[in-house]
Amino acid sequence: MKKDMILEKSNLSYWLRQLRKEMLLIGPMHGENGDIVLKTVENIHEIVLDCPALIPSPKEFLFPQKEEMFGFSTEGTKNYRNSKRRLIFGVRSCDVSAIGLLDRFYGGKFIDDYYTARRENTVFISVGCNKPDPTCFCNGLGTGPFLSSGFDIQFSDLGDRYLVEIGSEHGLSIVKKFSHLFSKPQKSDYDDQYEAILSSHAMFEKRINLENARQKILSGSVEDSFWAGVAERCFECGGCVYECPLCTCFNVIDRKYSAIEGVRLRNWDTCMFRGFTKMAVNVWPAEKKIMRTKRWYFHKLLYYPEQFGRFGCVGCGRCTITCPGRIDMATIAYRLKVGNNED
Amino acid sequence: MRTDLKEIYLPLKARVVEIVDMTADVKLFRVMPEDAFNYKPGQFIMVSLWGVGEVPISITSTYGIHEYVELCIKRVGHVTSAIHCLKSGDIIGIRGPFGNGFTIGKTKGKDILFIAGGIGIAPLRSLINGVLQTTPPFNSSLDKGIPPLNSPLNKGGRRGVLQLIYGSRNPSDVLFNDELNTWQKKGMHIILTVDKKDTAWKGNTGIVTKHLNKLRVTVKNAHAFVCGPHVMIDAVMRDLSSMGMHEDNIITTLEAHMKCGIGKCGHCYAGGKYICTDGPVFSYGEIKRYNLKWP
Ligand SMILES: Cc1cc2nc3c(=O)[nH]c(=O)nc-3n(C[C@H](O)[C@H](O)[C@H](O)COP(=O)(O)OP(=O)(O)OC[C@H]3O[C@@H](n4cnc5c(N)ncnc54)[C@H](O)[C@@H]3O)c2cc1C
Ligand code: SF4
Ligand code: SF4
Ligand code: FES
């Protein structure tokens, strides 16, 4: 489905205020340390509308860093599945693209009910990027800066108004009751959006072609010495995995509150950690760091396309900002292209 | 909101009915799930102890033959040690069955070689009992599960040679001794071998690969099912292949660190495959093709 409307900027806070009566409103806000993060909106005027890509990514709201799955006691188990209704405002196109892939990953033969319960009760409003960050490279991947489908609701900032594109039933559900706030778009609105898209594309500093990187690996011409060089620079901090909107690995832990009561929870894990594949009696398939760094890239560049027909990267640039070893996706794709691992 | 979402991480309750001490560090657990389920050889379940954790364990019983779900568990660490402290009547949690399981339709009329090392006999036992019960001709419908004794699938037909080579560390580590006798009586050729013999041991010694020169099966035509420690699996697969067995007919179950069993946690991911859902049963051909032994 697709339906377009215009929302005057002056009507935005009224609309959000009304929606907040029915669901939790989450948006980009100033955090404690001066950075901008997604969090529950107390005062609508504090939403930061014009901000760089957010670290951490919104995956936190669908797949929390730590999630209590169920409690256990002598009475039996109690599922803690979360299905609170939420509106998350102000995410980016790359994140929406990532969520589209997460939906497929957590679906399939075994549907992850924790993710799905959250997802089905969350509406995302993304804002197309008029000003991409220097680290962004979604332009080469079709995952941004503006999308033509796959979103719940996409806003395009046209100065004094937003072009509001509704792309899902989810999206429609929060607009329906407030149709008096919206008007019909004119041809000039689409022209303005087109302008915004063009000028955004012209602003990208990075041109990264992951298909080249994939072909290079598939051709067999990338020696292990290349990956050894990458591994040497990895601090095993896991930052890339935690910040990547498409990394999904988790660990499962039991925590006891008393002799008979406790909770099973899952938390983010990362394949970059040494113990990730360790088994009992010291069987350790990926003990060497080179295996782990190589796997991260192979997963995103080779296996993801095989499984989903898409790269396991949406070009958000978060790993570029995060990685202290400068072996982020954009850098490695570039190095694969030029064929060396030097700075 | 959808209300039909299955609670796939929430274990089902199962009661421990009986515990058999098998060796110093291996016990057999007979468990009765709250709701019965169908399973096939080579599949596994996730076994939970509240407050301790959850581990993948192969089902060693055979559906249609054994009354209970049987688990043969070696004490090696945190969770398996706690499992070993269970008493009959205790309640555990189980999820599953998971994994693809063995495909045996293809072995119709062929010789079958089973090679087990240590606890690797556990998943093979499920298959062996199934194969011995179902007199061929095997039918691909077998892959949906072993049919009950009186099924028409079990009538007549030629069976190939069945052989088992089973290696253990010490004579006292040999599992399922009684059943080995039964299998032999049913016509299976069995070679038992131990790494370290004691004074009472009159049989073979040395690792399983040492005994590959005593095969009764016709290698070119046979199917092999190999389960055991990584190192053993690697060596056996390589040897059988160089002896002329087709790589796609050498079948094993891969072990991996597993936290979910359903292709989500990523721990078992290798070569673009989830060992838990795409496997754990793979052929030597697949292992090489997909590079399942990590890049
Ligand atoms: C498909 C499959 C079938 C198995 N079948 C059997 C069986 O029938 N009988 C049997 O005794 N053992 C079996 N195992 C091995 C068994 O799962 C491990 O011995 C067990 O997980 C060890 O847990 P622990 O807490 O006792 O050991 P610890 O070393 O304390 O383990 C800590 C954590 O590491 C992980 N882990 C450690 N070793 C393994 C391992 N080998 N495989 C997977 N995860 C591991 C677990 O998640 C565990 O919670 C099987 C493993 C797999 C993958
Ligand atoms: S962020 Fe960089 S240094 Fe940290 S684990 Fe990832 S690749 Fe290694
Ligand atoms: S690999 Fe890096 S750039 Fe790509 S989606 Fe993940 S964090 Fe973003
Ligand atoms: S065990 Fe979790 S993905 Fe395989």
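Residues numbered from 1 in each chain as written. Chains lettered and ligands numbered in written order. Predicted model: local features only at pLDDT ≥ 70, side-chain atom pairs only at ≥ 80, totals over all residues. Heavy atoms only, no water.

## Quick notes on the overall build of chain B
Line of reasoning, step 1. Along chain B, the regular secondary structure elements total 5 helices and 15 strands.
Line of reasoning, step 2. In chain B, once contacts between residues fewer than 6 apart in sequence are set aside, the share between residues at least 24 apart is 68%.
Line of reasoning, step 3. By element, 50% of the accessible surface of chain B is carried by carbon and sulfur atoms, the whole surface being about 12,200 Å². (Helix = DSSP H or I, 4+ residues; strand = E, 2+ residues; numbered from the N terminus. Contact = heavy atoms within 4.5 Å. Areas by Shrake-Rupley, 256 points an atom, 1.4 Å probe, with all protein chains shown as cover.)

## A closer look at unusual backbone geometry
Line of reasoning, step 1. Looking along the chain, the bond that leaves G144(A) and enters P145(A) is cis, with omega of 0 degrees.
Line of reasoning, step 2. Within the element layout of this structure, P145(A) appears in the loop between strand 7 (122-127) and strand 8 (153-157).
Line of reasoning, step 3. The step from G279(B) to P280(B) runs through a cis peptide bond, and the omega angle for that step is 10 degrees.
Line of reasoning, step 4. Mapped onto the elements of the fold, P280(B) is located in the loop between strand 14 (273-274) and strand 15 (281-283).
Line of reasoning, step 5. One non-glycine residue, E236(A), lies in positive phi territory at about 55 degrees.
Line of reasoning, step 6. Assignment of secondary structure puts E236(A) in the loop between helix 7 (224-232) and helix 8 (239-243).
Line of reasoning, step 7. Although it is not a glycine, R326(A) sits at a positive phi angle of roughly 55 degrees.
Line of reasoning, step 8. Mapped onto the fold, R326(A) is located in the loop between helix 10 (318-322) and helix 11 (329-338).

## A word on the packing of aromatic side chains
Aromatic rings considered in pairs are described by the distance between their centres and by the relative angle of their planes.
Line of reasoning, step 1. Tallied over the entire structure, the rule returns 29 aromatic pairs over all chains.
Line of reasoning, step 2. Ring centres of F70(A) and W50(B) lie 5.9 Å apart, and the angle between their planes is 80 degrees; this geometry places the pair in the edge-to-face category. Placement of the pair is F70(A) in strand 4 (residues 66-73) and W50(B) in the loop between strand 3 (44-49) and strand 4 (53-58), with the two residues belonging to separate chains.
Line of reasoning, step 3. For F70(A), a relative accessible area of 0% corresponds to the buried category.
Line of reasoning, step 4. A ring pair is formed by F72(A) and W50(B), whose centres lie 5.4 Å apart and whose planes are at 15 degrees; its orientation type is stacked. On the criterion of chain membership, the pair formed by F72(A) in strand 4 and W50(B) in the loop between strand 3 and strand 4 is interchain, its members lying in two chains.
Line of reasoning, step 5. The class for F72(A) is buried, based on a relative accessible area of 4%.
Line of reasoning, step 6. Of the residues examined, W50(B) reaches a relative accessible area of 24% and is grouped as partly exposed. (Phe/Tyr/Trp six-rings, centres within 6.5 Å; stacked < 30°, edge-to-face > 60°. Buried < 20%, exposed > 50% of the residue type's maximum accessible area, 1.4 Å probe, protein only.)

## Observations regarding the nonpolar core
Line of reasoning, step 1. Among the nonpolar cores identified, the biggest contains 112 residues, and L210(A), W227(A), I115(B) and L240(B) are the most heavily contacted of them.
Line of reasoning, step 2. L240(B) has contacts with L113(B), I115(B), L212(B), L215(B), V219(B), A224(B), V226(B), M245(B) and I250(B), leaving out every residue within four places of it along the chain.
Line of reasoning, step 3. I128(B), L180(B), I190(B) and F225(B) belong to the second largest nonpolar core, which has 31 residues in total. (Core = buried A, V, L, I, M, F, W, Y, C linked by side-chain atoms within 4.5 Å.)

## Overview of the interface of chain B and chain A
Line of reasoning, step 1. Each partner contributes to the interface: chain B provides 38 residues, whereas chain A provides 45 residues.
Line of reasoning, step 2. A buried area of about 3,700 Å², summed over both sides, lies between chain B and chain A, and 63% of it is on carbon and sulfur atoms.
Line of reasoning, step 3. Inspection of the region where chain B meets chain A yields 1 salt bridge.
Line of reasoning, step 4. Across the salt bridge formed by R264(A) and E54(B), the nearest N and O atoms sit 3.6 Å from each other.
Line of reasoning, step 5. Our enumeration of links across chain B and chain A arrives at 18 residue pairs in polar contact (both at pLDDT 80 or more). (Buried area = accessible area lost by both parts, 1.4 Å probe. Salt bridge = Lys/Arg side-chain N within 4 Å of Asp/Glu carboxyl O. Polar contact = N/O pair within 3.5 Å; in protein donor to acceptor, adjacent residues only side chain to side chain.)

## A few points about the domain arrangement of chain B
How big an interface is tends to be expressed through the accessible area that disappears when the partners come together.
Residues and elements named next belong to chain B.
Line of reasoning, step 1. When the domains of chain B are assigned, the result is domain 1 (12-97) and domain 2 (105-253).
Line of reasoning, step 2. The interface of domain 1 with domain 2 comprises 20 residues on the first partner and 19 residues on the second.
Line of reasoning, step 3. Contact between domain 1 and domain 2 buries roughly 1,600 Å² in total, counting both sides, with carbon and sulfur atoms accounting for 57%.
Line of reasoning, step 4. If you sort the residues of domain 1 by the area they bury against domain 2, P41, T60 and I65 come out on top, with a joint share of 26%. (Domains from an automatic or database assignment.)

## Quick look at the pattern of salt bridges
Line of reasoning, step 1. In total, this model carries 30 salt bridges over all chains according to the counting rule given.
Line of reasoning, step 2. Linking R266(A) and E67(A) is a salt bridge whose minimum nitrogen-to-oxygen distance equals 3.3 Å. One end of the pair, R266(A), is in strand 12 (residues 262-268); the other, E67(A), is in strand 4, with 199 residues separating them in the sequence.
Line of reasoning, step 3. Among the residues examined, R266(A) registers a relative accessible area of 1% and is labelled buried.
Line of reasoning, step 4. Look at E67(A) and you get buried, because its relative accessible area is 1%.
Line of reasoning, step 5. Salt-bridge contacts for R95(B) lead to E54(B); the nearest nitrogen and oxygen are separated by 2.8 Å. Of this pair, R95(B) sits in strand 6 (residues 91-98) while E54(B) sits in strand 4, and the two are 41 residues apart along the sequence.
Line of reasoning, step 6. You can call R95(B) buried: its relative accessible area is 3%.

## Focus: the domain arrangement of chain A
Residue and element names in this part refer to chain A.
Line of reasoning, step 1. We note that the domain assignment places domain 1 (3-203) and domain 2 (210-338) within chain A.
Line of reasoning, step 2. On a C-alpha basis, the centres of domain 1 and domain 2 stand 26 Å from each other.
Line of reasoning, step 3. If you look at the interface, domain 1 gives 38 residues, while domain 2 gives 38 residues.
Line of reasoning, step 4. Between domain 1 and domain 2, the buried area comes to about 3,500 Å², and carbon and sulfur atoms account for 64% of it.
Line of reasoning, step 5. For the domain 1 face of the interface with domain 2, the top three residues by lost area are F72, L101 and F137, together amounting to 19%.
Line of reasoning, step 6. Applying the counting criterion to the domain 1 and domain 2 interface returns 18 residue pairs in polar contact (both at pLDDT 80 or more).
Line of reasoning, step 7. Where the side of domain 1 that touches domain 2 is concerned, the elements lending two or more residues are strand 4, helix 2 (93-106) and helix 3 (113-120).
Line of reasoning, step 8. Here the side of domain 1 that touches domain 2 gets 9 residues from one element, more than from any other, and that element is helix 2.
Line of reasoning, step 9. For the side of domain 1 that touches domain 2, the per-class residue count stands at 22 nonpolar, 8 polar and 8 charged. (Nonpolar A, V, L, I, M, F, W, Y, C, P; charged D, E, K, R; others polar.)

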